[in-house]
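Chain residues, written in single-letter form:
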Protein chains: 2
Amino acid sequence: MQGWEDIRSEVLARIRSRVWPPGETIPTEEALAKEFDCARATVSRALRELAQSGVLERRRKAGTRVAMLPVRKATLDIPVIRQEVNAKGQTYSFRLLAQATATPPMAVAARLGLAQAAKMLHLQTLHLSDGRAHVLEDRWLNPDAVPPLPDFAAISANEWLVAQVAFASGDIAFSAEPASPAEALALSVAPSTALFITERCTWSPEAPITWVRLAHAPGYRLQTVL
Amino acid sequence: MQGWEDIRSEVLARIRSRVWPPGETIPTEEALAKEFDCARATVSRALRELAQSGVLERRRKAGTRVAMLPVRKATLDIPVIRQEVNAKGQTYSFRLLAQATATPPMAVAARLGLAQAAKMLHLQTLHLSDGRAHVLEDRWLNPDAVPPLPDFAAISANEWLVAQVAFASGDIAFSAEPASPAEALALSVAPSTALFITERCTWSPEAPITWVRLAHAPGYRLQTVL
DNA sequence: AAGTGGTCTAGACCACGCA
DNA sequence: GCGTGGTCTAGACCACTTC
């Protein structure tokens, strides 16, 4: 017969063909279950997925409507850098450029919600792909929030943290910025070159863990399917 | 008692606290249902959501494992530009800079899978936020794939298409590029300024619809919560 | 072959939010 | 109040994949 994916497709087809135009209230789960001759839970599953991807808006009592101005939701995969390089069939390596304990810049401390005077571990790591500069990582790490630190010349902070502090919450932002003189030097590009920047904050339930800024070498593209 | 969200939290807590470390196989749905004293479907829902967010890997017969190198999945909202500006409490406006029928550049035709000789509609639109340049939109539109065209000086192509070709599939990519002379002029920035670029292709089931490149004014950040 | 997740069912109760 | 979606249940069968 049909599964919830078929029902999702059928509903989507009716939306695309304007049988159910934007803003319109579609039939209730019960009515659709009757039409498709299946259990309500099956319809529910299909409609839930469509709502999650922004196609439908659902409210109790009000019913289910086709979204007026659909906010497209794109899902991005954010892999560990080593994986990302390997996925392209290239060889990954990295170099620890600097490691020091210091007080972070005001902006970093503020973002993490730490007292500015707090000492943090500052790491700079260059990630290479087939021996060429790929990403420059600038990281501030709260040493109180994580287990005893390893030798960051042997395992990249990027990868170690993922394993240690798995699945913590946080936020992430993407932007474009001109390469600072230091970044230009590390990445072997001209100063002020347009760089793709990933900036990320991570908290454990108890304390801020880390702030990291990744400056990607020119040509980097973050891509996904809608 | 407890719902699937509580079970999700509990499982996540066990993962974070390393009761179930990365790579470990966790108990079966049936076993967990017994432990939590609920139906298997409830456990299933909780584990499905965790798998969807990359925390768990599930395979029939093999069972459910904690992901070794969790690929973080971030969900981005991609609103219509007018909405995006309004959400910041600013006033949206736009200016149609150019409109012409022409043959697209080879790169665009190739990406859309069209013969290079095909004529397409070329639109350049400047989107403004509180009267200041915000995004420069460069769009190629397949006129055969959409209903009769409106006056793009009255409604922006960005918004018209969302309503007309709702929920089509496509892909999207983000990058950083230096402003071309034309872009610099339109956005009132110095040439070679680092710009955040969004590039997007859209297809309907039958035909390619549109290719669009958005060049965002400096300071733009694409942000989300993990 | 057998174990595990994936899905479906028929029914029930609950929570929310319009009227 | 009462209609709608949100969830849970107990059971069943199926699909995949490893053993």
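Before reading further, recall that the structure is shown in the block above.
Residues numbered from 1 in each chain as written. Chains lettered and ligands numbered in written order. Predicted model: local features only at pLDDT ≥ 70, side-chain atom pairs only at ≥ 80, totals over all residues. Heavy atoms only, no water.

Quick notes on the protein's contact with DNA strand C
The full set close to DNA strand C counts 22 residues, and Gly3(A), Trp4(A), Thr42(A), Arg40(B) and Arg58(B) are the nearest of them. Separating a sugar or linking oxygen of DNA strand C from a side-chain N or O atom of Arg60(B) is a distance of 3.0 Å. Elements that contribute at least two residues to the surface near DNA strand C include exactly α3 (40-52) of chain A together with α3 (40-52), β2 (56-59) and β3 (63-66) of chain B. Here the element with the most residues in the surface near DNA strand C is α3(A); it accounts for four residues. Each residue belonging to the surface near DNA strand C can be placed in one class, and the counts come to four nonpolar, seven polar and eleven charged. (Near = heavy atom within 4 Å. Polar contact = N/O pair within 3.5 Å; in protein donor to acceptor, adjacent residues only side chain to side chain. Helix = DSSP H or I, 4+ residues; strand = E, 2+ residues; numbered from the N terminus. Nonpolar A, V, L, I, M, F, W, Y, C, P; charged D, E, K, R; others polar.)

Details of unusual backbone geometry
In the Ramachandran plot, Asp130(A) falls in the positive-phi region, its phi being about 50° despite a non-glycine side chain. We classify Asp130(A) as partly exposed; its relative accessible area is 40%. (Buried < 20%, exposed > 50% of the residue type's maximum accessible area, 1.4 Å probe, protein only.)

Examining the relation of the copies chain A and chain B
If you rotate chain A by 180° and push it 0.1 Å along the axis, it lands on chain B with an RMSD of 0.1 Å. When the rotation and shift are considered jointly, the pair of chain copies conforms to a two-fold rotation axis. (Least-squares fit on C-alpha atoms with pLDDT ≥ 70 in both.)

Looking at α3(A)
Between its first and last C-alpha, α3(A) extends 18 Å over 13 residues, near the 18 Å set by a 1.5 Å rise per residue. Within α3(A), burial applies to Val43(A), Ser44(A), Arg45(A), Ala46(A), Leu47(A), Glu49(A) and Leu50(A). In this structure, the buried side of α3(A) is in contact with α1 (4-16), β1 (25-26), α2 (29-36) and β2 (56-59) of chain A together with α3 of chain B. In the segment just after α3(A), Gly54(A) is the residue with positive phi, at about 85°. (Expected span 1.5 Å × (residues − 1). Contact = heavy atoms within 4.5 Å.)

Quick word on the packing of aromatic side chains
This model, assessed by the stated rule, comprises nine aromatic pairs over all chains. Ring-pair connections join several aromatic residues into one group, and the members of that group are Phe174(A), Phe196(A), Tyr220(A), Phe174(B), Phe196(B) and Tyr220(B). For the cation-ring pair, Arg45(A) lies above Trp4(A), with the distance from its terminal atom to the ring centre recorded as 4.1 Å. (Phe/Tyr/Trp six-rings, centres within 6.5 Å; stacked < 30°, edge-to-face > 60°. Lys NZ or Arg CZ within 6 Å of the ring centre and 35° of its normal.)

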